[in-house]
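# Understanding the architecture of this molecule
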Amino acid sequence: MIVGRRRFIYGSAAGLSGLGGFGLQACTPSADAPLRTVDILPEGFPTVIGLEAMRDDLLERSGGRLQMKIYPGAQLGAEKDTLELTVFGGLDIARVNIAPLNAFVPETRVPSLPFMFRSIDHMRVAMDGAPGQIILESMRSHGLVGLAFYDSGARSFYTSERSINDPSDLSGLKIRVQNSDLFVSMIRALGGNPTPIPLGEVYQGLLQGVIDGAENNWPSYESFRHFETAPYYSLTRHVISPEVVCLSLKTWERLSEADREMVQAAARVSVPIMRAAWDERVETSKSIVSEAAKPVTVTEPPVAPFQEKVQAVWAQYLDSPRLQEITDMIQSIDETAS
């Protein structure tokens, strides 16, 4: 079971002293210290490019006064660890996948649900609009200020031994998932055996047979070299959930109103830059995988059988009128409207 809000908070304190050299004193930074910003993905990855754009814009807006120090490549720990540190104020800004937030910010479940979005464009329009704003604002009562949504592409299954062309093909397979009850429930509903492990352990897990497969987007499949150990990529596109850039509420409270506005504006400016880098990286990743020494089998199965299997997941996690209202707002959006 993923930790709840209380265990999330109290269980984090022990980790503050041992992660990446940050001690408890990091919770009370000086007013002019750079905003310590983390991303588990490597330098050059689209999310890091987005954060760099935010850093540069903020530096310019503030006349060089507000700076960001970016730590990419999981230098300060796994995503769950850095998220906890951000809640405590040991870090200022974290770029995280939305899935780890599912345990304690209920509104983030909505964009995490399988087949919530019809396309990448649908996700972008929804998250840039009223539904996305509601979700960002909901984080504040949980120690975070949601600044902006980045892209995470469309997640699909990849496995070591066979393509996944129907939910029955997942039967008995150990599939790596993120640290999220929702993702665990999704894999179970589809007939697989969900195995939550950190992203950085997936390659070895596939190589050693600890897991039989995983699910992720093209850039992650390529950049973490998962295609070398899982050469069957099945484009189910079952989840098109966003990434989110979060500011610690503790940091927010020590900023002036003018500084808050500059941080928010810089985050917004970074979004189209990140997305342009993302779209380019997707095409690059496809090209790299297609030219791999070991051939990769790419299939595009019909999604209707998968959609049918996960209806129970929707029923389980849309457990309040508020969450259903956000869902209805998203579903009513016409992403093709001018």
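Quick note: structure is the one above.
About the criteria used
Residues numbered from 1 in each chain as written. Predicted model: local features only at pLDDT ≥ 70, side-chain atom pairs only at ≥ 80, totals over all residues. Heavy atoms only, no water. Helix = DSSP H or I, 4+ residues; strand = E, 2+ residues; numbered from the N terminus. Rg over C-alpha atoms; globule rule 2.2 N^0.38 Å. Buried < 20%, exposed > 50% of the residue type's maximum accessible area, 1.4 Å probe, protein only. Contact = heavy atoms within 4.5 Å. Areas by Shrake-Rupley, 256 points an atom, 1.4 Å probe, with all protein chains shown as cover. Lys, Arg positive; Asp, Glu negative; His and termini not counted. Charge placed at Lys NZ, Arg CZ, Asp CG, Glu CD. Core = buried A, V, L, I, M, F, W, Y, C linked by side-chain atoms within 4.5 Å. Pairing = 2+ DSSP bridges. Axes fitted to C-alpha atoms, helices over the stretch in contact; angles between N-to-C directions. Salt bridge = Lys/Arg side-chain N within 4 Å of Asp/Glu carboxyl O.

Time to look at the overall build of the protein chain. In terms of helices and strands, the protein chain carries 14 helices and eleven strands. Against the 2.2 N^0.38 benchmark of 20 Å for 338 residues, the protein chain shows a C-alpha radius of gyration of 19 Å, consistent with a compact globule. Taken along its principal axes, the extent of the C-alpha atoms in the protein chain is 55 × 45 × 40 Å. Out of the 338 residues belonging to the protein chain, those deemed buried represent 57%. Intrachain contacts of the protein chain at a sequence separation of at least 6 include 77% that bridge at least 24 residues. For the protein chain, the accessible area works out to roughly 13800 Å², and carbon and sulfur atoms hold 51% of it. Computing the positive centroid from 31 side-chain charges and the negative centroid from 41, the protein chain places the two 5 Å apart.

As a further point, take the nonpolar core. Ranked by size, the top nonpolar core spans 53 residues in total, and within it L101 and M139 carry the most contacts. Per element, the largest residue contribution to this core is five residues, and it comes from helix α7 (residues 181–189). When sequence neighbours within four positions are dropped, the list of residues in contact with L101 reads L83, V96, T108, M139, L144, V244 and C246. By size, the runner-up hydrophobic cluster in this structure holds 45 residues, among which are A148, L247, W252 and M262.

With mixed pairing, the five strands of this open sheet are ordered in space as β2-β1-β3-β10-β4. Only two strands of the sheet have a single partner each, and these edge strands are β2 (68–71) and β4 (144–150). Between one strand axis and the next, the sheet turns through 25 degrees on average, direction left out of account. Of the pairings in the sheet, the one linking strand β3 (residues 93–97) to strand β10 (residues 243–248) comprises five bridges and is antiparallel in character. What sits directly across from I93, in β10, is L247. Packed onto the sheet, helix α6 (residues 130–138) meets β4 and β10 and runs at close to 145 degrees relative to β4. Lying on the sheet, helix α11 (residues 257–290) is in contact with β1 (35–39) and β4; it crosses β4 at an angle near 25 degrees.

Okay, α7 next. Buried residues of α7: L182, F183, V184, S185, M186 and I187, and no others. After α7 finishes, the residue G191 shows a positive phi value of roughly 100 degrees.

This part is about unusual backbone geometry. Positioned with a positive phi, R225 is a non-glycine residue whose angle comes to about 60 degrees. Unusually for a residue other than glycine, R237 sits at a positive phi of about 50 degrees. Examined against the element boundaries, R237 turns out to sit in strand β9 (residues 232–239). Take R237: its relative accessible area is 37%, and that puts it in the partly exposed class.

Applying the stated criterion to the full structure yields 23 salt bridges. R55 serves as the salt-bridge partner of D56, at 3.1 Å between the closest nitrogen and oxygen. Ionic contacts of the salt-bridge type, sharing partners, join the residues R124, D128, D151, R275 and D279 into one network.

Let's shift gears to the side chain of T37. You can see T37 is positioned in strand β1. In contact with T37, not counting residues within four places along its chain, are L51, M68, K69, I70, Y71 and I93.

Further remarks concern the side chain of S220. The residue S220 is located in helix α9 (residues 218–223) in this model. Judged by relative accessible area, S220 falls into the buried class, the value being 5%. Once you skip the residues sitting within four places of it in the chain, S220 turns out to touch F45 and H226.

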